[in-house]
Amino acid sequence: MADRAHPVTEQRHADLRSPLTEQERDLPVDVNWLRRRAKLFAAVSGREFHVVTDLSAYASVSGMPYLSHYAAQVYLGPKSARLRVPFMAINLALVTTSEEADRALAHETMHLVVPSYGHKAAAFARAQLLLDKVGQLTAAPV
């Protein structure tokens, strides 16, 4: 098992642009903010999901190990019995700023919306579109 993502995937993930202001990007992530933000991603994607930050509970429910280098991961359920509302685990040890949380939420929401895209360029274009739509929801009125 690899200890990290492919370098191209890592770069595509790093290139995702959060709609947060410069001052907001470096703010620390707390669970309440993360849950509110996740609801925005669910709204713009049309794909509901539960956010989980207890990685051992996630591993227990999913039956999948949560590797220490994963920033986030989604669990849809077994192929024979997909969950109506999948789980998205966020590793708060790695996702420490609001900008990192936006990237993780966009990346994993993209996997929920278009799982067949994998980590292709088109997948990250979709993730960026989700970020842009969240930005439109949160833009301050002029």
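Not measured: the values here are computed from a predicted model.

## Quick word on the nonpolar core
With 29 residues, the main nonpolar core has Leu34, Phe41, Phe49, Met88, Ile90 and Leu105 as its most contacted residues. Secondary structure elements with two or more residues in this core: helix H3 (31–45), strand S2 (72–75), strand S3 (87–90), helix H5 (98–113) and helix H6 (121–138). Excluding anything up to four places from it in sequence, Met88 contacts Phe49, His50, Val51, Val52, Gln73, Val74, Leu105, Glu108, Thr109 and Leu112. Residues Val52, Tyr58, Tyr66 and Tyr75 belong to the second largest nonpolar core, which totals five residues.

## Here's the deal with H3
The end-to-end C-alpha distance of H3, which contains 15 residues, comes to 21 Å, matching closely the 21 Å that a straight helix rising 1.5 Å per residue would cover. Those residues of H3 lying buried are Trp33, Leu34, Arg37, Ala38, Phe41, Ala42, Val44 and Ser45. Here the buried face of H3 lies against strand S1 (50–52), S3, H5 and H6. For H3, the N-terminal cap is Asp30; the gap from its side-chain oxygen to the backbone nitrogen of Asn32 is 2.9 Å. Phi turns positive one or two residues past the end of H3, at Gly46, with a value near 70°.

## Considerations on the pattern of salt bridges
The full count for this structure, using the stated rule, is three salt bridges. Between Arg37 and Asp102 there is a salt bridge; the shortest N-O distance is 2.7 Å. Of this pair, Arg37 sits in helix H3 while Asp102 sits in helix H5, placing them 65 residues apart in sequence. Take Asp102: its relative accessible area is 0%, and that puts it in the buried class. Its salt-bridge partner being Arg103, residue Glu99 comes within 3.3 Å of it at the nearest N-O pair. Residue Glu99 and its partner Arg103 are both found in helix H5; the two are separated by four residues, about one turn of the helix. Of the two residues examined, Glu99 and Arg103, each falls in the buried class.

## A short note on the packing of aromatic side chains
For the coordinates displayed, the defined rule picks out two aromatic pairs. Relative to Tyr70, the ring of Tyr66 has its centre 5.8 Å away and its plane inclined at 80°; by these criteria the two rings are edge-to-face. Since its relative accessible area comes to 14%, Tyr66 is described here as buried. Through a chain of ring-to-ring contacts, the aromatic side chains of Tyr58, Tyr66 and Tyr70 assemble into a single cluster.

## Let's talk about the packing of H5 against H6
Look at H5 against H6: their axes get within 8 Å of each other, and the N-to-C directions meet at 120°. Relative to H6, H5 is oriented oblique. Of the two possible hands of crossing, H5 and H6 adopt the one that is right-handed. Contacts between H5 and H6 involve Asp102, Ala106, His107, Thr109, Met110 and Val113 on the former and, on the latter, Ala123, Phe124, Arg126, Ala127, Leu130 and Leu131.

Cut-offs used in this document
Residues numbered from 1 in each chain as written. Predicted model: local features only at pLDDT ≥ 70, side-chain atom pairs only at ≥ 80, totals over all residues. Heavy atoms only, no water. Core = buried A, V, L, I, M, F, W, Y, C linked by side-chain atoms within 4.5 Å. Buried < 20%, exposed > 50% of the residue type's maximum accessible area, 1.4 Å probe, protein only. Helix = DSSP H or I, 4+ residues; strand = E, 2+ residues; numbered from the N terminus. Contact = heavy atoms within 4.5 Å. Expected span 1.5 Å × (residues − 1). Polar contact = N/O pair within 3.5 Å; in protein donor to acceptor, adjacent residues only side chain to side chain. Salt bridge = Lys/Arg side-chain N within 4 Å of Asp/Glu carboxyl O. Phe/Tyr/Trp six-rings, centres within 6.5 Å; stacked < 30°, edge-to-face > 60°. Axes fitted to C-alpha atoms, helices over the stretch in contact; angles between N-to-C directions. Parallel < 35°, antiparallel > 145°, perpendicular 65-115°, else oblique. Left-handed = near helix turned anticlockwise from the far one by under 90°.

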